[in-house]
Amino acid sequence: MKIIGTGSYLPQRIMTNHDLEAIVDTSDEWIVKRTGIRERHIASKNESTSDLAYAAAKNALAMAGISPTDIDMLIVATSTPDYPIPAVAPIVASKLGCGQIAAFDINSVCSGFSVAILNAYGMLRTGLYRTVLVIGADTYSRILNWTDRTSCCIFGDGAGAAILQFDGRNNIISHKFGTDGARSNLICIPAGGAKNPIHSLDPNGPNNDLFFQMDGRSVYEFSIDVVPKTIVQLIEDAKIQPSDISAVLLHQANIRIIDAIAKYLDIPRERYLSNVDRVGNTSSASLPILLDEAVRGDKIHKGDKVMVIGFGGGLSWCGYVMEW
Ligand code: UT7
């Protein structure tokens, strides 16, 4: 399998930590120290997830040098689709001019891009599809509770894309995808779905349950437990040494998580790529934005073994080692 093009898109508006100081009781010092985040991008009023996804896909198509009509499957990883129904992928396919192709969403929250890549890889290997466009796109600014300092300072909006074709190589040399639904309440929007429909809520209430909620401390503990185990398993299953890994792309949730993980493993710290300081946590978009920056920044070369791991809501974790 070959990634023939990558692209990303970040909305123009930048919100700094100092801007947040005017909104909630927080400080630049707290956010930088606890997360490493300095700024994030926020979608304009006229932009939503399909627009972000479209812009990232256009950049990937330009790099690949192919036409939208060459795409025969489009997968969007997102937990903030434009609407509850329909999925956002058909809307993006239509905007791009892909025609009436196979298009669907995957909601694995921050693991979504890795999950979508594994799905695409399977589709390509079986020969069912020939050129798959995988997009990770999220507009968390629309689901955040802007009075909740524990979550609104962490997330940003954005999108990233990758175009995959099968070249005869079975080059995802190990993978691991797990979930723990028993802890699904740690990252959730409790209302607005079928369990607690919007019309069952108090019309006069603050209705905080319609907004994103996260038990940050528990998710932090989960992350620094599950991600190192996943890395060790991926290396073992691939039958390689830690030093064989050229680049590690972890979901950009918090620089402290990346630092803590790097400390316990034998992969040099500089191989863990990061942009969380500039983009914050962009959920499904986090990994493809980082990947696009790495490709355009000449940080990934042919033959490199690249490790990619998403983790978060579900709870879920999904990673793979790909020989580039
Ligand atoms: O993307 C999916 C995966 N997500 C993650 O992996 C996120 C994992 N979690 C984290 O990154 C961290 O837990 C956070 C960045 C969310 C929070 O950092 P923390 O060091 O775990 O802080 P905490 O939640 O334990 O809170 C410590 C204190 C609390 O005050 P008290 O109770 O000690 O007085 C919070 O109220 O920090 C307070 N606090 C803040 N203070 C200033 C929480 N958020 C803020 C804030 N500004 N923005």
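In what follows, the structure referred to is the one given above.
Residues numbered from 1 in each chain as written. Predicted model: local features only at pLDDT ≥ 70, side-chain atom pairs only at ≥ 80, totals over all residues. Heavy atoms only, no water.

Student: Explain the sheet that holds strand E4 (residues 73-77) residue by residue, including any values.
Tutor: Neighbouring strands of a sheet are bound in pairs by backbone hydrogen bonds; such pairs are parallel or else antiparallel. Pairing in this open sheet of 5 strands is mixed, and the strands run E1-E7-E6-E4-E5 from one edge to the other. The open sheet is flanked by strand E1 (2-9) and strand E5 (102-106), the only strands paired with a single partner. Neighbouring strand axes in the sheet, compared pairwise and without regard to direction, differ in orientation by 15° on average. Alignment of strand E6 (residues 131-139) against strand E7 (residues 157-165), held across 9 bridges, turns out to be antiparallel. Opposite Val 132, over in E7, you have Leu 164 as the bridge partner. Against the sheet, helix H3 (residues 49-64) contacts E1, E6 and E7, and its axis sits at roughly 135° relative to E1. Packed on one face of the sheet, helix H5 (residues 112-125) meets E4, E5, E6 and E7 and runs near 165° to E6. (Pairing = 2+ DSSP bridges. Helix = DSSP H or I, 4+ residues; strand = E, 2+ residues; numbered from the N terminus. Axes fitted to C-alpha atoms, helices over the stretch in contact; angles between N-to-C directions. Contact = heavy atoms within 4.5 Å.)

Student: Talk me through the site of the ligand; I want residue IDs and the actual numbers.
Tutor: Within the structure, the ligand sits among 24 residues, and Thr 26, Arg 34, His 251, Asn 254 and Asn 281 are positioned closest to it. Thr 26 places a polar side-chain atom, nitrogen or oxygen, 2.7 Å from a nitrogen atom of the ligand. In the environment of the ligand, an oxygen atom lies 3.4 Å from a nitrogen or oxygen atom belonging to the side chain of Trp 30. In isolation the ligand exposes 950 Å². Once the protein is present, 76% of that is buried. Among the secondary structure elements, those contributing two or more residues to the shell around the ligand are helix H2 (28-35), helix H6 (149-152), helix H7 (216-238), helix H8 (255-264) and strand E12 (305-312). Here the shell around the ligand takes 5 residues from H7, the largest share from any one element. Built from parts of two domains, the shell around the ligand gets at least three residues from each of domain 1 (2-168) and domain 2 (173-323). (Near = heavy atom within 4 Å. Polar contact = N/O pair within 3.5 Å; in protein donor to acceptor, adjacent residues only side chain to side chain. Areas by Shrake-Rupley, 256 points an atom, 1.4 Å probe, with all protein chains shown as cover. Domains from an automatic or database assignment.)

Student: Tell me about the packing of H3 against helix H4 (residues 89-96), and name the residues and values.
Tutor: Two numbers describe how H3 lies on H4: the axes approach to 9 Å, and their chain directions differ by 50°. In terms of their interaxial angle, H3 and H4 are classed as oblique. At the point where H3 passes H4, the crossing takes the right-handed sense. Judged by residue contacts, Ser 50, Asp 51, Ala 53, Tyr 54, Ala 57, Lys 58 and Leu 61 of H3 engage Ile 91, Val 92, Lys 95 and Leu 96 from H4. Looking at the contact of H3 with H4, its residues break down into 7 nonpolar, 1 polar and 3 charged. (Parallel < 35°, antiparallel > 145°, perpendicular 65-115°, else oblique. Left-handed = near helix turned anticlockwise from the far one by under 90°. Nonpolar A, V, L, I, M, F, W, Y, C, P; charged D, E, K, R; others polar.)

Student: Please give an account of H7 that cites residues and values.
Tutor: When the terminal C-alpha atoms of H7 are compared, their 32 Å separation across 23 residues agrees well with the 33 Å that a helix rising 1.5 Å per residue should span. Buried within H7 are the following residues: Val 219, Tyr 220, Phe 222, Ser 223, Val 226, Val 227, Pro 228, Thr 230, Ile 231, Leu 234, Ile 235 and Ala 238. Of the residues trailing H7, Lys 239 is marked for its positive phi of about 55°. (Expected span 1.5 Å × (residues − 1). Buried < 20%, exposed > 50% of the residue type's maximum accessible area, 1.4 Å probe, protein only.)

Student: If you had to explain the state of the cysteines to someone new, which residues and values would you point to?
Tutor: The tally for this structure, following the rule as stated, stands at 0 disulfides. No disulfide involves Cys 188; its nearest neighbouring cysteine sulfur is the one of Cys 110, lying 13 Å away. In this structure Cys 188 comes out as partly exposed when scored by relative accessible area, which is 23%. (Disulfide = S-S within 2.5 Å.)

Student: Give me the packing of aromatic side chains: which residues, what numbers.
Tutor: Working definition: an aromatic ring pair is given by the centre-to-centre distance plus the angle between the planes. Taken as a whole and assessed by the stated rule, the structure comprises 4 aromatic pairs. Judged by centre distance (5.0 Å) and plane angle (25°), the rings of Tyr 140 and Phe 155 are stacked. You can see Tyr 140 sitting in the loop between E6 and H6 and its partner Phe 155 sitting in the loop between H6 and E7, a full 15 residues away along the chain. When sorted by exposure, Tyr 140 lands in the same class as Phe 155, which is buried. Summarising the aromatic geometry, the rings of Phe 155 and Phe 212 are spaced 4.9 Å apart at their centres and angled 70° between planes, so their arrangement reads as edge-to-face. Taken together, the residues Phe 155 in the loop between H6 and E7 and Phe 212 in the loop between strand E9 (187-188) and strand E10 (213-214) connect sequence positions 57 residues apart. The pair Phe 155 / Phe 212 is uniform in exposure class, with both members buried. Chaining the aromatic ring pairs together yields one cluster made of Tyr 140, Phe 155 and Phe 212. In this arrangement the basic side chain of Arg 217 is found over the ring face of Tyr 220, its NZ or CZ atom lying 5.4 Å from the centre. (Phe/Tyr/Trp six-rings, centres within 6.5 Å; stacked < 30°, edge-to-face > 60°. Lys NZ or Arg CZ within 6 Å of the ring centre and 35° of its normal.)

Student: Lay out the pairing of E5 in plain terms, naming residues and giving numbers.
Tutor: As judged from the 5 bridges shared by E4 and E5, these two strands associate in the parallel manner. Paired with Ile 75 across the bridge in E5 is Phe 104. Handedness of the β-α-β unit built from E4, H4 and E5 comes out right-handed. (Right-handed = clockwise from strand over helix to strand, strands pointing away.)

Student: How would you explain the nonpolar core if you had to name every residue and give the values?
Tutor: Membership of the largest hydrophobic core comes to 48 residues, with the highest contact counts inside it found for Ile 231, Leu 250, Tyr 272, Met 307 and Phe 311. Going through the elements one at a time, H7, strand E11 (245-250), H8, E12 and strand E13 (316-323) are the ones with two or more residues in this core. Of the residues forming this core, the biggest block, 9 residues, is contributed by H7. Taken domain by domain, the makeup of this core includes at least three residues from each of domain 1 (2-168) and domain 2 (173-323). Ile 231 has contacts with Leu 250, Ile 261, Leu 265, Ile 267, Tyr 272, Met 307 and Ile 309, leaving out every residue within four places of it along the chain. Ranked by size, the runner-up nonpolar core spans 33 residues in total, among them Met 1, Ile 3, Leu 290 and Ala 294. (Core = buried A, V, L, I, M, F, W, Y, C linked by side-chain atoms within 4.5 Å.)

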